[in-house]
Amino acid sequence: MSSFTRSDLTDLFRAFAQRMAAERTLLGELDGEIGDADHGVAMADGFEAAARALANVEDENQTLGDGFTLAGQVLLNAVGATTGPLYASALTRAATTFGPEQEVPFDHLPALIPAIFEGVERRGHGKPGDKTMLDAWWPAAHVVTHEDHAASGTVECLRAAAQAAAKGAEDTRAMMASRGRAARLGPRSIGHLDPGAVSAAALLDVLASWAADHERLT
């Protein structure tokens, strides 16, 4: 059985960083419609910094938990605002989930999704329907925790979660924001996608694609 290693974590964050760089302009435009237009820059710069920090670790004994903790600390410092603390909390939760191991079975990878959802939910005190990133992370987490993917496998589970997240992000268009800067707009926030949900869905799409490539090469 293949595994998910500390080295794989670095590679995954490189993939996250590449996607956030590609989405920088779009996320900035979406955020400019209902926020302060900095979400694209924050996500691109933050994940690039996290990927670089993970790659620069010289300790060969660093665990997955250590890696997730490091990535969260870097995102907290590099992103700031609201998004940084939320993802820092999410990755701290992931560190607890993956624990003091340098590698885990590959089929444990989907557990990353509910861990991130729980971390964001606890830190932000929000809920699905608030027009935030939770509207992408919650349906993805629901797929992982409530659907049986034993027969279809890890990659199909992650693909299903990514599809649920994409739909969740699209559904924010019809929502009125009740948290964050967008909440100031009240009904005027209806008709716009939430940039945090869109970036979350993009991260989940990367996770599914990365997992498919990993499985094909091992």
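Everything numeric in this text was worked out from a predicted model, so none of it was measured.

Draft legend 1. Fine view of the overall build of the protein chain. Along its length, the protein chain carries nine helices and two strands. For the protein chain, the N- to C-terminal ordering of α and β elements is β-α-α-α-α-α-β-α-α-α-α. Here the C-alpha radius of gyration of the protein chain, 16 Å, is about what a compact globule of 218 residues would show, namely 17 Å. For the protein chain, the share of sequence-separated contacts (at least 6 apart) that also reach a separation of at least 24 residues comes to 74%. Approximately 9900 Å² of the protein chain is accessible, and the part contributed by carbon and sulfur atoms is 50%. Computing the positive centroid from 18 side-chain charges and the negative centroid from 30, the protein chain places the two 8 Å apart.

Draft legend 2. Here's a closer look at unusual backbone geometry. With a phi close to 70°, Ala37 is a non-glycine residue in the positive phi region. One can find Ala37 in the loop between helix H2 (24-34) and helix H3 (39-55). Using a relative accessible area of 38% as the deciding quantity, one classes Ala37 as partly exposed. One non-glycine residue, Lys131, adopts positive backbone phi at about 70°. Looking at the secondary structure, you find Lys131 in the loop between helix H6 (112-124) and helix H7 (134-146).

Draft legend 3. Structural view of the packing of aromatic side chains. Following the criterion strictly, the structure yields eight aromatic pairs and no others. An angle of 70° between the planes, with centres 6.5 Å apart, marks the rings of Tyr87 and Trp137 as edge-to-face. With Tyr87 in helix H5 (residues 83-98) and Trp137 in helix H7, this pair connects stretches of sequence that are 50 residues apart. Of the two residues, Tyr87 and Trp137, both sit in the buried class. Here the aromatic cluster, defined as three or more aromatic residues joined through ring pairs, consists of Phe13, Phe16, Phe47, Tyr87 and Trp137.

Draft legend 4. Examining the side chain of His39 more closely. Position of His39 relative to the elements: it lies in helix H3. You can call His39 buried: its relative accessible area is 6%.

Draft legend 5. Structural view of the nonpolar core. Among the nonpolar cores identified, the biggest contains 73 residues, and Phe13, Tyr87, Ile113 and Trp137 are the most heavily contacted of them. Considering every element that reaches this core, the biggest residue donor is helix H9 (residues 195-217), with 13 residues. What Tyr87 contacts, discounting residues up to four positions off in sequence, is Met43, Leu75, Ile116, Met133, Trp137, Ala200 and Leu203.

Draft legend 6. A look at helix H8 (residues 154-171). A rise of 1.5 Å per residue sets the reference length of H8, with its 18 residues, at 26 Å; its end C-alpha atoms lie 26 Å apart and thus fit the reference within 8%. Those residues of H8 lying buried are Thr154, Val155, Cys157, Leu158, Ala160, Ala161, Ala162, Ala164, Ala165, Gly168 and Ala169. Buried residues in H8 make contact with H6, H7 and H9.

Draft legend 7. Quick look at the pattern of salt bridges. Tallying each qualifying case throughout the model produces 10 salt bridges. Between Asp171 and Lys167 there is a salt bridge, and its shortest N-O distance comes to 3.0 Å. One end of the pair is Asp171 and the other is Lys167, both in helix H8 and four residues apart, which spans about a single turn. Here Lys167 falls in the exposed class, since its relative accessible area comes to 52%.

Draft legend 8. Expanded view of the environment of Ala162. Its place among the elements puts Ala162 in helix H8. Assessed through its relative accessible area of 8%, Ala162 is described here as buried. Between the C-alpha atoms of Ala162 and Thr96, which are 66 residues apart in sequence, the distance is 23 Å. Dropping the residues within four chain positions of it, Ala162 is found in contact with Leu204, Asp205 and Ala208.

Reading the values: the criteria
- Residues numbered from 1 in each chain as written.
- Predicted model: local features only at pLDDT ≥ 70, side-chain atom pairs only at ≥ 80, totals over all residues.
- Heavy atoms only, no water.
- Helix = DSSP H or I, 4+ residues; strand = E, 2+ residues; numbered from the N terminus.
- Rg over C-alpha atoms; globule rule 2.2 N^0.38 Å.
- Contact = heavy atoms within 4.5 Å.
- Areas by Shrake-Rupley, 256 points an atom, 1.4 Å probe, with all protein chains shown as cover.
- Lys, Arg positive; Asp, Glu negative; His and termini not counted.
- Charge placed at Lys NZ, Arg CZ, Asp CG, Glu CD.
- Buried < 20%, exposed > 50% of the residue type's maximum accessible area, 1.4 Å probe, protein only.
- Phe/Tyr/Trp six-rings, centres within 6.5 Å; stacked < 30°, edge-to-face > 60°.
- Core = buried A, V, L, I, M, F, W, Y, C linked by side-chain atoms within 4.5 Å.
- Expected span 1.5 Å × (residues − 1).
- Salt bridge = Lys/Arg side-chain N within 4 Å of Asp/Glu carboxyl O.

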